[in-house]
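The primary structure of each chain is shown beneath.
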Amino acid sequence: MELMRIKDLPITADLAGFAAVVGVIALGAVAWVARGGLTRRWEHLVGLLGLWMVIVGQYMGLVSSPRERMMGEVGRILYVHVPSAWLTMLTFTFTCAFATFFLFSGKRHWDHLVEATAEVGVVLSILLQATGMLFAKPTWGVFWDWDPRLVSTTVMMLSFMGVLTLRGLLDDVDRRATWTSVGSILATTSMIVTYFSVRWWRSIHQMQSSPDTVADPMVFVLRWNAFAFLFLTVWFVVQRARLSARREALDAPPALPEEVPA
Amino acid sequence: MTGVRAVAAVVGRELRTEWRDRSRVGGLFVYGFALVLALAFAMPGPHMLPDLAGGALWLGLVLASTRALDASFATELEHGALEAMLLWPVPPAAIFYGKALANTIVLLMVACFLAPIVGLLYHPEPRGSLWMLPLVMVAGCMALAAPGTLVASLTSRARGSSALLPVLLFPLVVPVLLASARATTLLLEGDPMNQADDWLGVLVVFNLLHWSLDALLFERVIDEG
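Residues numbered from 1 in each chain as written. Chains lettered and ligands numbered in written order. Predicted model: local features only at pLDDT ≥ 70, side-chain atom pairs only at ≥ 80, totals over all residues.

Asks: So what's going on with the overall build of chain A? Which residues, and what values?
Replies: Along chain A, the regular secondary structure elements total 7 helices and 0 strands. Overall, chain A shows an N-to-C arrangement of helices and strands of α-α-α-α-α-α-α. A total of 262 residues make up chain A; the buried ones form 40% of that total. Taking as baseline every contact in chain A between residues at least 6 positions apart, the subset at least 24 positions apart corresponds to 84%. (Helix = DSSP H or I, 4+ residues; strand = E, 2+ residues; numbered from the N terminus. Buried ≥ 20, exposed ≤ 12 C-beta atoms within 10 Å, placed from the backbone. Contact = placed C-beta atoms within 7 Å.)

What follows is the structure in structure tokens.
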């Protein structure tokens, strides 16, 4: 129980604030960058900043930060696990938001962002699951537990993998864009119901653990790494969205051949 | 044409099609039967079966629902029936509600067929009152049908649709399987804490969400043809 409490808290306590503040800024930034607001050089600077912050942040997490009281060295995986959890949630929230924008406006750049965020989100959630399992084995004694967060993240990852599979199987561009958006909205909304129903299922057996405080140095390193992951994610999403736009342009049927003079 | 009459017309059309090709529903019955039978053999021993009755019923229904839903759109694509239906002077939402209601009725028929078979094969010993079981069955089938109809409308026109439908649908209906199987098991094994009510509540919330949201999304899907 003691171990779970420490793991629980940064995610539950900080997620709302982090998502609200950073989320709104990042949403605007990603949309602006994807519409060509930044020149290529500045955009890569965001990626480089993220890379630098990840290197510094991981050094702080692995070497310079104090050992976690309960878990010792194992606790250091938090500095990868928690930021990837935050960013997975944030990225999939973006997917849902962009999908809604696409369905309302029909503008193609939203569709490219849907594909980009869904794909980056799946990669992040795989990272989340992998670090989570490595973390769970020494602390909980098992690789997997029927915890609501675990189940709902896995369900969401599977849903988005399904959506991307569907997308890959459709050839018509308009149809593909609309259906990806519909699938993304379904996947995100159902994740909420899954979370609460699994929590209910579990709570019949055991009570939820209560929040506690995290030591200040840990919070700083966590936040640092979260921003590092955020910058890298934004960079990845923007690159992926551009790739998606290029592919679409490539697949588009060629313009009618010019009339050849006799 | 008012909304209710339009929905009723679509339901009538769907059920008529099902009736004309009765072998499809018949096939579903046999499929469900075979599933609950096979499931029993995969379990450690007959002594465990009474506890598994609720789960077996709903697992059978969820798996059978993918066949039913896939078929409900596959037939539309033959001879361009969907395009003809879109020419009707009814809003797309009416088509969605009609199809989803018809799918609910088909799933309920399968549920009513499977429930006694599970009762026979799994020997559950009901210790509580079962009057809520029909409610759980109706709510559960509705909760499978609404997202199922929407997902089937997406996958039916992709290549390899029959494999894709479960991939998209199963993650979506995890709460349905969980809530209805838990509620059924609680009703069968006795429910001193009235927890079945809460699980029924989960199904109601799920239904409210999907019967409203999915109709809106369906309009977009159909617009795209």
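Asks: Give me the lowdown on the overall build of chain B, citing residues and values where you can.
Replies: When helices and strands are tallied, chain B shows 9 helices and 0 strands. When the helices and strands of chain B are placed in sequence order, the string is α-α-α-α-α-α-α-α-α. Relative to a compact globule of 225 residues, whose C-alpha radius of gyration would be 17 Å, chain B shows 18 Å and is just as compact. With respect to the principal axes defined by its C-alpha atoms, chain B has extents near 55 × 30 × 30 Å. Looking at the 225 residues of chain B, the share that counts as buried comes to 45%. (Rg over C-alpha atoms; globule rule 2.2 N^0.38 Å.)

Asks: For the interface of chain B and chain A, give the residues involved together with the corresponding values.
Replies: Between chain B and chain A, the residue contacts involve 27 residues of the former and 26 residues of the latter. Of all the secondary-structure elements, those providing two or more residues to the side of chain B that touches chain A are α6 (133-155), α7 (161-172), α8 (174-189) and α9 (195-223) of chain B. For the side of chain B that touches chain A, the element with the most residues is α9(B), which contributes 10 residues. Residues of the side of chain B that touches chain A, tallied by class, amount to 19 nonpolar, 3 polar and 5 charged. (Nonpolar A, V, L, I, M, F, W, Y, C, P; charged D, E, K, R; others polar.)

Asks: How would you sum up unusual backbone geometry? Please name residues and give values.
Replies: Residue and element names in this part refer to chain B. In this model, H123 sits at a positive phi of 45°, which is unusual for a non-glycine residue. The residue H123 is located in the loop between α5 (92-122) and α6 in this model. The class for H123 is exposed, based on 12 C-beta atoms found within 10 Å.

Asks: How would you explain the environment of A:H112 if you had to name every residue and give the values?
Replies: All names here are of chain A. Along the chain, H112 falls in helix α4 (residues 108-140). For H112, a count of 25 C-beta atoms within 10 Å puts it in the buried group. Each C-alpha atom, one on H112 and one on R242, is 7.4 Å from the other, the two residues being 130 residues apart in sequence. Beyond its immediate stretch of four places on either side in the chain, H112 contacts A241, S244 and A245.

Asks: Residue-level account of the packing of helix α1 (residues 3-20) of chain B against α5(B), with values.
Replies: Residues and elements named next belong to chain B. One can describe the packing of α1 onto α5 by two numbers: an axis separation of 8 Å at closest approach and a directional angle of 45°. The angle between α1 and α5 falls in the class oblique. Along this stretch, α1 crosses α5, giving a crossing that reads as right-handed. Each of G3, A6, V7, V10, V11, E14, L15 and E18 in α1 lies in contact with α5, whose residues at this interface are A94, I95, Y97, G98, K99, L101, A102, I105 and V106. Split into classes, the residues belonging to the contact of α1 with α5 amount to 12 nonpolar, 2 polar and 3 charged. (Axes fitted to C-alpha atoms, helices over the stretch in contact; angles between N-to-C directions. Parallel < 35°, antiparallel > 145°, perpendicular 65-115°, else oblique. Left-handed = near helix turned anticlockwise from the far one by under 90°.)

Asks: So what's going on with the confidence of the model for chain A? Residues and values would help.
Replies: All names here are of chain A. Confidence in the prediction of chain A, expressed as mean pLDDT, is 79, and 76% of residues score 70 or more. Here residues 1-12 is modelled with pLDDT under 50, and outside its nearest four sequence neighbours on either side it reaches 20 contacts, counting other chains as well. The model gives residues 205-211 a pLDDT under 50, and that stretch makes 9 contacts with residues more than four places away or in other chains. (pLDDT = per-residue confidence, 0-100.)

Asks: Just give me the short version of helix α2 (residues 22-42) of chain B, but keep the residues and values in it.
Replies: For α2(B), spanning 21 residues, the distance from its first C-alpha to its last is 31 Å, which sits close to the expected 30 Å at 1.5 Å a residue. At its buried positions, α2(B) is contacted by α3 (49-77) and α5 of chain B. (Expected span 1.5 Å × (residues − 1).)

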